Amino acid sequence: MSDAPPRYARKLVTDTAELAARLAALPRPIVFTNGCFDILHAGHVDYLDRAAALGASLVVGVNSDASVRRQGKGQDRPINPLPERMAVLAALEAVSLVVPFDDDTPLALIHAVRPDHLVKGGDWPVESIVGADFVRGYAGQVHSIRFRHTRSTSDLLRRIREQDAT
């Protein structure tokens, strides 16, 4: 058994000072998306795979634990702490790089990444996607990807809690 870091660790950016160099090493076009990704489900996997298909590299911004709590998803959220959420995402083949952010929106991270494609799920109209104007300003594209799986972490947790109550 090896003490070497897991293979997915090379996809993690935990020091923002490394971000520019890590981005420069990625093939373009770069696709960017973001979210909490608290409990990964089939909807997430499908969405990330389809987002990755828009370019050569997929960069995923992940809300910090404090950022998730500020979103009003519940006092017990996130269920999984940031390092674990990042590790699960990094282990996915479709994902090239995983970067945390602590702000309420990923706008500063979008400015740093300068993606060729900015992507959110189908519950986000393109005109409401944070960073859309910035990305369009340099001829990048903005996409709202229709969901094929109607899953949400909040709904899954609600269903689990209802079963626990019975």
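Going by the structure above, here's the rest.
These numbers were taken from a predicted model, which means no experiment stands behind them. Along each chain, numbering runs from 1 in the same order as the chain's sequence is written. Restriction of local features to residues with pLDDT of at least 70 applies here, the model being predicted, together with a cutoff of 80 or more for giving and counting side-chain atom pairs; totals for whole chains, interfaces and linings are based on all residues. As a convention, hydrogens and water are excluded, and side-chain values are obtained from all of the structure's heavy atoms.

Quick notes on the pattern of salt bridges
Two side chains bearing opposite charge may form a pair once their charged atoms approach each other closely.
Next, step 1: A side-chain nitrogen of Lys or Arg and a carboxyl oxygen of Asp or Glu constitute a salt bridge if their distance falls within 4 Å. By the definition in use, this model includes six salt bridges.
Next, step 2: The salt bridge involving D116 is made with R28; its shortest N-O contact spans 3.3 Å. In this pair, D116 sits in the loop between α5 (107-113) and β4 (117-121) while R28 sits in the loop between α1 (19-24) and β1 (30-35), placing the two residues 88 residues apart along the sequence.
Next, step 3: Burial status follows relative accessibility: with a 1.4 Å probe on protein chains alone, a residue under 20% of its type maximum counts as buried, one over 50% as exposed, and anything between as partly exposed. Relative accessible area serves as the criterion here: at 47%, R28 is assigned to the partly exposed category.
Next, step 4: Measuring nitrogen to oxygen at the nearest pair gives 2.5 Å for the salt bridge that ties R70 to D104. Here D104 lies in the loop between β3 (97-101) and α5 and R70 lies in helix α3 (residues 65-70), a separation of 34 residues in the sequence.
Next, step 5: Overall, the relative accessible area of 44% leaves R70 in the partly exposed class.
Next, step 6: Here D104 falls in the exposed class, since its relative accessible area comes to 51%. Counting from the N terminus, the helices are DSSP H or I runs at least four residues long and the strands are E runs at least two residues long.

Focus on the nonpolar core
If you look at soluble globular proteins, the nonpolar side chains tend to sit buried side by side.
Next, step 1: Only buried residues count toward a nonpolar core, which is a set of Ala, Val, Leu, Ile, Met, Phe, Trp, Tyr and Cys residues joined through side-chain atoms within 4.5 Å. Counting 19 residues, the largest nonpolar core has L48, L58, V60, V62, L89 and V98 as the members making the most contacts within it.
Next, step 2: Looking at this core, the elements with two or more residues in it are α2 (42-52), β2 (57-63) and α4 (82-90).
Next, step 3: Formed by 18 residues, the second largest nonpolar core is a distinct cluster that contains V13, L23, I30 and L109.

Side note on the packing of aromatic side chains
Between two aromatic rings, the relevant description is the distance of the centres plus the angle of the planes.
Next, step 1: To pair, rings of Phe, Tyr and Trp, with the six-membered ring standing in for Trp, must have centres within 6.5 Å; the planes then decide the type, stacked if under 30 degrees apart, edge-to-face if over 60, and tilted in the middle. Applying the stated criterion across every chain, the model contains one aromatic pair.
Next, step 2: With a centroid separation of 5.2 Å and an interplanar angle of 75 degrees, the aromatic rings of F134 and Y138 are classed as edge-to-face.
Next, step 3: Charge-over-ring contacts are defined here by two conditions on Lys NZ or Arg CZ: a distance within 6 Å of the ring centre and an angle within 35 degrees of the ring normal. In this structure, R114 is placed above the aromatic ring of Y138, and the distance from its NZ or CZ to the ring centre is 4.0 Å.

Section: the pairing of β3
Next, step 1: Of all five residues that make up β3, four are buried, and the element is covered over most of its length.
Next, step 2: Across five bridges, the pairing between β2 and β3 is parallel. Considered in β3, the bridge of V59 is made with L97. Pairing between two strands requires that DSSP report at least two bridges joining them.

Focus on the sheet that holds strand β5 (residues 141-145)
Next, step 1: Read across the open sheet, the five strands follow the order β3-β2-β1-β4-β5; overall the sheet is parallel. The open sheet terminates on both sides in strands that have one partner only, identified here as β3 and β5. Strand-to-strand twist of the sheet, defined as the mean angle between neighbouring strand axes without regard to direction, takes the value 25 degrees.
Next, step 2: Of the pairings in the sheet, the one linking β1 to β2 comprises six bridges and is parallel in character. Across the sheet, V31 pairs through a bridge with L58, a residue of β2.
Next, step 3: Any two residues having at least one pair of non-hydrogen atoms within 4.5 Å are treated as being in contact. All axes are obtained by fitting lines to C-alpha atoms, using only the stretch in contact for helices, and the reported angles, taken between N-to-C directions, cover 0 to 180 degrees. Lying over the sheet, α4 contacts β2 and β3, oriented at roughly 165 degrees with respect to β2.

Let's talk about the environment of R77
Next, step 1: Of note, R77 is situated in the loop between α3 and α4.
Next, step 2: There is a polar contact of 2.6 Å between the side chain of R77 and the side chain of D38. Pairing of N or O atoms within 3.5 Å defines a polar contact, subject to two protein rules: one partner must be a possible hydrogen donor and the other a possible acceptor, and residues neighboring in sequence count only if both atoms are side-chain atoms.

Examining the side chain of N63
Next, step 1: Looking at the element boundaries, N63 is found in strand β2.
Next, step 2: Its relative accessible area of 2% is what places N63 among the buried residues.
Next, step 3: A distance of 3.5 Å separates a polar side-chain atom of N63 from the backbone nitrogen of C36.
Next, step 4: Excluding its chain neighbours within four sequence positions, the residues that come into contact with N63 are G35, C36, V68, Q71, L82, R85, F101 and D103.

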